Each structure stands twice: as C-alpha cells, then as structure tokens.
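Here is what each chain is made of, one letter per residue.
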Amino acid sequence: METSTENTAPVKLTAKDFTSDQEVKWCPGCGDYSILKQVQTVLPDMGGDREKYVFVSGIGCSSRFPYYMATYGMHSIHGRAPAIATGVKAANPELNVWVVTGDGDLLSIGGNHFIHVMRRNPNIKLMMFNNEIYGLTKGQYSPTSSKGIVTKSTPYGSIDEPFNPAELALGAKTSFFARTIDRDPKHMQAVIHRANKHHGTAFVEVYQNCPVFNDGVFFIFTEKETKKEECLFIEHGKPLVFGQTENKGIKLDGLKPVIVELGNGVSKDDLWIHDEEDKTKAFMLARFADLSKDSETHFPRPFGVFFREDRPCIDEDMAKQIETIQAKKGRTSLNKILSGEKTWTIV
Amino acid sequence: METILDSTPQRTTIIKETDSVVVRFSGDSGDGMQLTGMQFTDTSAFLGQDISTFPEFPAEIRAPAGTLAGVSGFQVHFGSKEIYTPGDMYDVLVVMNSAALKSDLPRLRKGGIIVANVAGFDSKNLKLAGYPEGAKSPLEDGTLENYQVYKIDVTKHTKDALKDSGLGMKEVDRCKNMFVLGVLFWMFDKSMEYTIKNLQEKFGKKPELLNANLIALKSGWNYGDNTEIFTTRYKISAAKLPAGVYRNISGNQGLAIGLIAAAEKAGVPLFLGSYPITPASDVLHELSKYKANGVKTFQAEDEIAAICSAIGAAYTGSLGVTTTSGPGMALKAEAMGLAVIFEIPLLICDIQRGGPSTGLPTKTEQADLLMAMHGRHGEAPLPIVAAATPADCFDAVYEAVRIALEHMTPVIFLSDGYIANGAEPWRFPTEDQLPPINLKFTTTPNSENGKFLPYKRDDRGVRPWVKPGTKGLEHRIGGLEKQNETGNVSYDSKNHELMVKLRAEKIEKIADSIPLAKPDSGKDKAKVLVLGWGSTYGAIKTAVLELLDEGVVDVAHVHLRHMNPFPKNLGQILHGYDKVLIPEMNTGQLRQLIRAKYLVPAEGFSKVQGMPFTTEEIKEKITELHNSK
Ligand code: SF4
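Residues numbered from 1 in each chain as written. Chains lettered and ligands numbered in written order. Predicted model: local features only at pLDDT ≥ 70, side-chain atom pairs only at ≥ 80, totals over all residues. Heavy atoms only, no water.

**Student:** Just checking my understanding: could you explain the domain arrangement of chain B for this structure?
**Tutor:** How big an interface is tends to be reported as the loss of accessible area on association of its parts. Residues and elements named next belong to chain B. In terms of domains, chain B is made up of domain 1 (2–235), domain 2 (247–433), domain 3 (440–513) and domain 4 (526–627). The partner domain 4 presents five residues to the five residues of domain 3 that form the contact. Carbon and sulfur atoms supply 58% of the area buried between domain 3 and domain 4, which totals about 380 Å² over both sides. Our enumeration of links across domain 3 and domain 4 arrives at one salt bridge. Notably, a salt bridge pairs Asp512 with Lys568, separated by 2.6 Å at the nearest N-O pair. (Domains from an automatic or database assignment. Contact = heavy atoms within 4.5 Å. Buried area = accessible area lost by both parts, 1.4 Å probe. Salt bridge = Lys/Arg side-chain N within 4 Å of Asp/Glu carboxyl O.)

Written out as structure tokens, the structure reads:
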C-alpha cells in the first residue's frame, strides 16, 4: 500500500502562487508594478491560505490590482470598494480582505466611504496608491494634487486646496496609518507586514509615481541627491533622525517641532522619540507634509507607521453581538417568527 | 337589522347590525391616533373580523401642534365580509381637533358619524387649523348638519377621570386617546380585553401610567354606556374567512419575515445593508431585532454603501439585501449595474413613495416601475417582483429571493407606502408549507481541464456561485466586460454583444419558473380586462367583484406579480379581451410596457395624488370603458 504524502506538510507558497495568469497592463515604468510585486512577495510570508484572501478595488489605474492576484477578488465601481469590503468582512470575518484604491477613488468619489470605514474599523487592509493625479481618465488633478498644478482640467493651475490623507485618516479615527513609497521596496514590504499584523483597518498610503501624467512628483523622496534630506524614516521608540549623514534630528519645543543639527551638545537623546501610540504626535507628523510647503519651516516627509491603536472592529463586534444575543435569547424557530406573538383561530 | 337593546325608561339604544364599517381616527401627531387605531384594529381582528388598514402620517416630524400639517390619521375597514381595501369613504370619523376635521371631512360619507373632541375646537385651535379670526366652530355653525355629530369634551373628561392619579398635566393629556378608544369600543360593542392586556404588557413597569391608561379607557366606555348622547350601537359579526390560524401583518413586517424565511429555507445567512428612508426604515428596524437568528443588519453611511455592503455580503455567500425608497433607488443604480454584470444574487427592495426628488415622502405612488425596469446604464435587465397587499409582501419577497438565489441575479422587489404601512389578517404558513429554494454552492472545478470557469452557464444561463475561501476556485470578478466563460476582462466587440445577449436570456428564462397568468376574478374571455399590479389589487378586486355581482358589466381582473419577465402567457391572455384597462398610481408605466411588448391598445387610468384608488373610481372607469364604443 502506498502512503499518500499529500496534505501532510503545508507547502510554502511563493510570490508566483499569488500571481494570476492575466497580463499586467499598467504603463511602462508605472509605480504600480512595484507595489504589486511587493504585495505578491510578502503575502506568502504572512501565512494564511491563498483562498482566504479577497482583494477589492474601485476604479482607476490602481484598481486593476485584483485581476493580477491569484486570490479571490472584485474589481468594483468608483469609490465604493471600502463599502463593499465592509460587507465582505462583516458577512465573513474569516476572510483576509484587502482594499486597493487610489487618491481619486478613495478621497474624491469615495470620500464618504473612506471616513466611515475608518471610524468603523473593520479588520481589513486598505492601500491607497497616491499619485496625485487621475491616470485612468488621462490626467486631471486629484484631491491630493498640489495647488497650482497644471493638468488637462486645470490649464491655468489648480485652485483647489489638496487633502492631507494622513491628517484626514487620523481625524476619521483610523486605527493605523502608515506611509511608504513605490521605489523603496524594502520599506514597503516592512510596512505591508506591519499593516497585515494590525488588528483593525490598516490604512497605508503609498506614494506612487505616474510617469505618464505626473512624472516625478515624489522624486525628491526617491532620488539619491535629495532622498536623505527629504525623507524621515520613523520607527517606534527611535529618535527622529534624517539628513545626508544622519546629521539632523527633530526636537519638540513644547508643541512645536524644530529641526536641529546633531553634535555641538545636541544628542539623539534630545530628539523626539517616535511613539506609534501617541495620536497627538501622529497628527503633528501628518502636518509635516503641509509645513514642508513653506520654505522657512521645511520639514522632511515622514515614512513608516505614524500611528496604531487597538480598538474594536465592526465585523467582530457584529459577530459577538449576535453570539451574545443568541446565548441569551436562543434562536426563534421559523414557525414562531411566522406566527408572531399574537394569533387567533378561525374555525 | 335593528334591535332594541336597552330600553330603560330613560333611553333607547338601537343595535344596528352591519357587514362592514370604515373608521378613521384623526388628530394631531401627538394625540396617539396611530396607537389608538392599531388597538382598535387588533381587537377587530381578534374578534374574527376581516380588516384592512391605512395609516397616514404627516410629512413633518414636528409640525406645529394643531395645524393641518400635523394631522395624523389611521383608517381601518373591518367587517364580517372579505375586505380588500381600507375603504373609499369613512362611516365614522373621530377628530381630536379642528385641523383633523378640516383635513378629513371630505372623505366622510354623507350621514356619517363624527366623534369630536370639543376641546380641539376652541379659538386657538380654530386659528391653528386656518379658520379665519373670530370664525364660529364648525361644530356649531351648521356645516355639519348632514352628519351625526357627537361632541365630547375628551380633554376635560380625561382630566376629571385622572384627577387623583398623581400624574402631571402632560401625562394626563396623553391618556385622552384611550378615552376615545373606550368610547369607540362601546359604540361597536367590542371587548376591551385585548387592549387591557396590551396596556399591561406595555406599561407593566410603570404602574401609575398603566393605571391611568386603564382608567381613561374604562371611563370612555362608561361614558358611552351612561350618557344619553348615543342612540345607536353597531354590531359586526365575525367574517367567514377560511379556517386557520391568523395573525395581523403589515407589508413591511411581511417583507422582513419573508426575508428571514427565505434565507432560512435556502440555508444562507441574511445580511441587510440599509440607509434610513421613509417608508422603508421599518424593515431595517424589524430585521435588526433578529440578531438571535444570526441576521446581520448594517446601517450604512449612505444608500450607495448600503447596496455595496450587501453586494460584498452576497459575494461571500449570504443573501444580500438592501431596502430603500425612490430617492435611494436612484442612488443605487450604478451598484445595481455592478450586481448585474457580477451576476450575483441580491435583493433590492423599493418601498415606493411619491416622487420625483423628495416628493411626497409619506404618501404612496407606483411611479418607480420604469426606473426598476430601465434605470441603469447599458443593457442591464433584472427581474422585478411586485407585492399586491400587506400579506402578499411576504409571498412576493419570498419569490423574489427564490429568483435571486436560483438564477444568480439581482432582483428588484416593489412595494409602496400604502401596503407597507397598511395591515391585514394573514393566515400565515408553517415552515414546511414554504416552497423550497434550491441552491448549491460550487466547490469543484467545472471544466474538463480542471480549471474553474466563473462564467460558464447551465442550461438556464445561470453561472456558478462560489464562496471565497473555497480552495482551488480562486477567481476574480469585475465591472469590466468579461470574456464568456472565463470571466477575464475582454474588450472584444463580438464578445460584448454575446455577453449582453446571454445576460438578457438568463432573465428571460426565469419565465419558465414562474406561474402563468390567470384571472383573479372574472373569466378568461370578457369585454374588459382590468390589468393591475402592486397595491392597486384591493381596489381593483373589490370593484370587479362588485360589478360582477351587479351583473351588468362583463369584466375580469388579472393581477401581475412578476413585472419582469412577464408570465409567458400574458400576451395570449390579453388577447382574450376586447379592451384592457390598466389602473396605476403613476401616469401609465405598466401601460407603456404592455403596449410596447404586446402591441395591445391598453387604456390607462392614472392617479397620482399620493392616495390609493378608491373602489368607486375604478368601478366608474371600468363601466365607462365597457360602455364606450
Ligand atoms: S496612467 Fe499613470 S498611474 Fe496609470 S498606469 Fe499609467 S503610469 Fe500608472
């Protein structure tokens, strides 16, 4: 008799197992390729079976993502992915639900669902590819485009004040906010890991270059010459250090962040130590993006996990409430539901 | 039949036997008229009478007290014969103030009874109701000389009865509806037992309020019994309804438990994603109570999120449902299109109200039929099922769920404010009497080469339903046009045309599983056919039965439940009649569909007043058409 060796040891999945047979159709050089690759690379490490994953997207370049994943997936309608994902997760909390969206999809047409998914905190992962432009509709400004940007719909410059996604998410009570960037694969992988581990809605903003319609908006954060001066990689429990030779830091002067040169009596111990659980400071980190526009208070852009907290998730609470009430009241039989409380008989 | 009941030396009370009566309770929103009407209705039902009710709410939540905008009414038609409508005109009108009289007098039949709370007719109330300064009360100025008017100072009597109750002015005032109910119970010789039991349940924990309500109720009864103002009491026997066990049910209740029943029979969890909207919110309220049965309800941030969450739940293998009214339907249109191209089961319940826009939120209308039929971009057909009566909401939604689950399609269920809030006795089924819903999730690949093809269809054109979590069948679905069978994105023009055709055929084939049309009353062939749909059922049925009874007009009635696809034999049926009349609470939407599809010159009869048809209106129209050349 032959012994079957099937199903004895779990076979370690690889990135290939998460790759569908569909040809990827983003423009050459698009930042989305890197994001897809990083997700496919880290998913096998995160445990869980392939069939337990559901990727939900809306509309836009980023939203083609589910077609390229060899998991379950839904490419839905513009802006509504968070609402659909909430339904998926609430109906079956066992699934690993990921939303893939863009700045236009999530913050413009899907703005309402965005803030509500944050406050309800279903245990899902939400990645927003922020390229500060509408790509799929061929180059109109988005709710994260800088004021003044010249696009097809703003030939004389945009007059719209952009959103600050981090600030918006924190204001809407996100339980996790992190920022990463397409051209730093290692960092992105680490952030995705953290997001996956988080219990609750994990919101990850990925700066993504759109070479066709908004090329280079994030180059200062990726090019050798500027990267070290412009990026601030934050880590829990570590001081806020940046600069060409890690020669600068950020200190708190009361409630005011100030940039200091290290040395000359200023040591790392004097710096602001990052605390992921401090929401007030997370708001300050979120503000860096806006402060940076002003040359006098130019701040580096923070990357990493700004904030996380453990708080109840709607999908779990929904299931728990049902369990509690079931335990207390017991199921009502269908016959009892049909008859209701008060009946009468006609003979 | 009249009998002298009570012939004490002082007075003579006549007992009149009659087969049906319409009573309208009308007052300010704060007067508790809905509750009073419901107690009166339930008591009638328990006495074995057939009933039909029509609650009418003011559109404003807190319209100024005493004004016309604040009038809230509850109409109940009860009798010893079969009752199909809440009645065209009232026999008895109970008014708590002058605004109520002003608003409802036009529909009191000549010679009818008015029971008026005189305290609601002082100069302040007259002014609030819009009577000119210094005008005499209509109770005194002769306008009501064609009616029997009973003037009772309900406010004062209630106060007197409760002077020792220890309750504050406001609470005492709140009891006056029970006084009125007591008077009406006396008048119709109905037992107070049921209401007493109900009050005990309701106020069990507040003995002083219970006591006050009981005193007010009994004082009302005693008032009827002791004073000499009433000369007549009415007696209505039990109706000869089919034997069985009954309960009282409103349309929205029927809808809610129909969903629970269908989900349980199909063996899938029930998920409702909904956003509050009149007159559909009650379904959300009702289903939220059934947590112990595993029902998940989700009050979404908006109408779009409501349907989208239901789509998400449906994707996981739940019965996904969303409930709404016209304005919400408009917002859900894009997501409905998504469900059409996904080809997943979903139920969209539209409790219609007057439109367009906010329109008449608390009034009824049937003007969403064409939106249900066509209100999506692209070729996006889906089945439509419409309920005819409050109890029929149960059967119709059960059928709608069956179609959605068995045919993998979103289905629109149409009801309206009239039957959603109205109630009638219902000989409810038991679990094993419910028809089966056949449903199977796919768990293994469906092609020879071991691949899974999400859009490979069976002979009904139905694709497989796979729950995420099923190993080996991972696949993606999306809103982009998909290649036949594989479901992969395809921009091929011929493929698109094929997919449009396949989706349409799938809906057409549902006609194989629905009952053929047949006359509800009347014969297969006649001079006039009245073709109805939805909540016009009661008025049409009563009109046609009365005409058939009179024997002068050659008429029949066919009522549609399946609005898309239509029953297969509908064309043939229509051709059996010389003339087709389609009464609708819109400007002719079904008529348009019928004319276009069957090329019959159907006549329309339209009413868009936020009010249901009266039997009289329909009778007149039928007769007119019957007698025209
Ligand atoms: S338009 Fe821009 S964002 Fe879209 S795929 Fe092309 S490069 Fe990427």
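**Student:** What am I meant to see in the interface of chain A and chain B here?
**Tutor:** Residue-level contacts link 56 residues of chain A with 72 residues of chain B. Between chain A and chain B, a total of about 5,400 Å² is buried, with carbon and sulfur atoms accounting for 62% of that surface. It is Tyr72(A), Leu338(A) and Trp344(A) in chain A that bury the most area against chain B; as a group they hold 17% of the surface buried on that side. In this structure, the connection of chain A to chain B is made through six salt bridges. Of the charged contacts in the structure, one is a salt bridge between Arg50(A) and Glu474(B), with a shortest N-O distance of 3.8 Å. The interface formed by chain A and chain B includes 28 residue pairs in polar contact (both at pLDDT 80 or more). Counting only elements with at least two residues in the side of chain A that touches chain B, the list comes to strand E2 (72–75), helix H2 (81–91), helix H4 (111–120), helix H9 (314–329), helix H10 (334–339) and strand E12 (343–346) of chain A. Here the side of chain A that touches chain B is composed, by residue class, of 25 nonpolar, 22 polar and nine charged. As judged from the four bridges shared by E12(A) and strand E10 (residues 244–250) of chain B, these two strands associate in the antiparallel manner. Each residue of the ladder has a partner; that of Trp344(A), found in E10(B), is Tyr246(B). (Polar contact = N/O pair within 3.5 Å; in protein donor to acceptor, adjacent residues only side chain to side chain. Helix = DSSP H or I, 4+ residues; strand = E, 2+ residues; numbered from the N terminus. Nonpolar A, V, L, I, M, F, W, Y, C, P; charged D, E, K, R; others polar. Pairing = 2+ DSSP bridges.)

**Student:** When you look at the side chain of Thr201(A) in this model, what are you seeing that I'm missing?
**Tutor:** Note on placement: Thr201(A) falls in the loop between helix H6 (185–197) and strand E6 (202–207). Every residue in contact with Thr201(A), bar those within four places of it in the chain, is listed here: Val117(A), Met118(A), Asn121(A), Pro122(A), Asn123(A), Ile124(A), Leu126(A), Thr174(A), Ser175(A) and Phe176(A).

**Student:** Is there a simple way to think about the sheet that holds strand E11 (residues 301–308) of chain A in this case?
**Tutor:** Remark on secondary structure: sheet strands pair via backbone hydrogen bonds, oriented parallel or antiparallel. In spatial order, the strands read E7(A)-E11(A)-E5(A)-E6(A)-E4(A)-E3(A)-E1(A)-E2(A)-E18(B); together these nine strands make up an open sheet with mixed pairing. The strands lining the two open edges of the sheet, one partner per strand, are strand E7 (231–233) of chain A together with strand E18 (476–478) of chain B. When strand polarity is set aside, the average angle formed by the axes of neighbouring strands in this sheet is 20°. In this structure, strand E5 (residues 176–181) of chain A lies alongside E11(A), joined through four bridges in antiparallel fashion. The residue of E11(A) that forms the bridge with Phe176(A) is Arg308(A). In this fold H2(A) packs onto strand E1 (53–57), E2 and strand E3 (96–102) of chain A, with an angle of close to 180° to the strand it touches most, E3(A). (Axes fitted to C-alpha atoms, helices over the stretch in contact; angles between N-to-C directions.)

**Student:** What should I look at first to understand the state of the cysteines in this one?
**Tutor:** Disulfides are covalent bonds that connect the sulfur atoms of two cysteines. For the structure shown, the criterion picks out zero disulfides over all chains. The closest cysteine sulfur to the non-disulfide-bonded Cys231(A) is located on Cys30(A), 19 Å from its own sulfur. Sulfur of Cys393(B): no disulfide; nearest cysteine sulfur belongs to Cys349(B) and is 9.4 Å away. Residue Cys393(B) is classed as buried on the basis of its relative accessible area of 1%. (Disulfide = S-S within 2.5 Å. Buried < 20%, exposed > 50% of the residue type's maximum accessible area, 1.4 Å probe, protein only.)

**Student:** Which parts of the structure should I look at to understand helix H20 (residues 615–627) of chain B?
**Tutor:** Since one α-helical turn is 3.6 residues long, residues separated by three or four positions face the same way. Residue and element names in this part refer to chain B. Its 13 residues place the ends of H20 18 Å apart at the C-alpha level, agreeing with the 18 Å of an ideal helix rising 1.5 Å per residue. For H20, the complete set of buried residues consists of Thr615, Ile618, Lys619, Lys621, Ile622, Leu625 and His626. Axial view of H20: buried residues confined to an arc of 165°, hence all on one face. Opposite the buried face of H20, at more than 90 degrees from it, the exposed residues are Glu620, Glu624 and Asn627. (Expected span 1.5 Å × (residues − 1). Arc of directions from axis to C-beta.)

**Student:** Whenever I open this one, the nonpolar core confuses me. Can you help?
**Tutor:** One recurring pattern in soluble globular proteins is that nonpolar side chains are buried together. In terms of nonpolar packing, the biggest core is built from 105 residues, with Leu531(B), Leu590(B) and Ile594(B) touching the most fellow members. No other element matches helix H11 (residues 303–315) of chain B, which puts ten residues into this core. Apart from residues lying up to four places away in sequence, Leu531(B) is in contact with Val558(B), Leu560(B), Leu570(B), Leu574(B), Val580(B), Leu581(B), Ile582(B), Pro583(B), Leu590(B) and Ile594(B). Counting residues in hydrophobic clusters, the runner-up holds 58 residues, among them Leu338(A), Leu259(B), Ala387(B) and Phe428(B). (Core = buried A, V, L, I, M, F, W, Y, C linked by side-chain atoms within 4.5 Å.)

**Student:** Looking at this structure, how should I read the environment of Asp368(B)?
**Tutor:** Residues and elements named next belong to chain B. When you line up the elements, Asp368 lands in the loop between strand E14 (346–352) and helix H13 (369–374). With 197 residues separating them along the chain, Asp368 and Glu171 place their C-alpha atoms 43 Å apart. Look past the residues within four positions of Asp368 in its chain and what remains in contact with it is Gly326, Asp350, Gln352 and Gln589.

**Student:** Is there a simple way to think about unusual backbone geometry in this case?
**Tutor:** Negative phi characterises most residues that are not glycine, and trans characterises most peptide bonds. All names here are of chain B. Following Gly355, the chain continues to Pro356 via a peptide bond in cis, the omega torsion being 5°. For Pro356, the location among the structural elements is in the loop between E14 and H13. A cis geometry characterises the amide bond from Asn564 onward to Pro565, with omega recorded as -10°. Tracing the backbone through its elements, the reader meets Pro565 in the loop between strand E21 (562–564) and helix H18 (570–574). Although it is not a glycine, Asp189 adopts a positive phi angle of roughly 50°.

**Student:** Would you take a moment to explain the site of the ligand for this structure?
**Tutor:** Inspection of the region around the ligand gives Trp26(A), Cys27(A), Cys30(A), Cys61(A), Asn131(A), Gly135(A), Gln208(A), Cys210(A), Pro211(A), Val212(A) and Phe213(A) as its neighbouring residues. Classifying every residue of the shell around the ligand by side-chain character gives eight nonpolar, three polar and no charged. (Near = heavy atom within 4 Å.)

**Student:** In this structure, what is going on with the sheet that holds strand E3 (residues 20–28) of chain B? I would like to understand it.
**Tutor:** Residues and elements named next belong to chain B. The strand order E4-E5-E3-E6-E7-E8 describes an open sheet built from six strands, whose pairing is mixed. Edge positions in the sheet fall to strand E4 (50–56) and strand E8 (148–152), since each has one partner strand and no second. Neighbouring strand axes in the sheet, compared pairwise and without regard to direction, differ in orientation by 15° on average. The pairing of E3 with strand E6 (residues 90–95) spans four bridges and is parallel. Residue pairing across strands places Phe25 opposite Val94, the latter belonging to E6. Here helix H6 (residues 176–187) sits on the sheet in contact with E3, E6, strand E7 (108–117) and E8, set at roughly 150° to E6.

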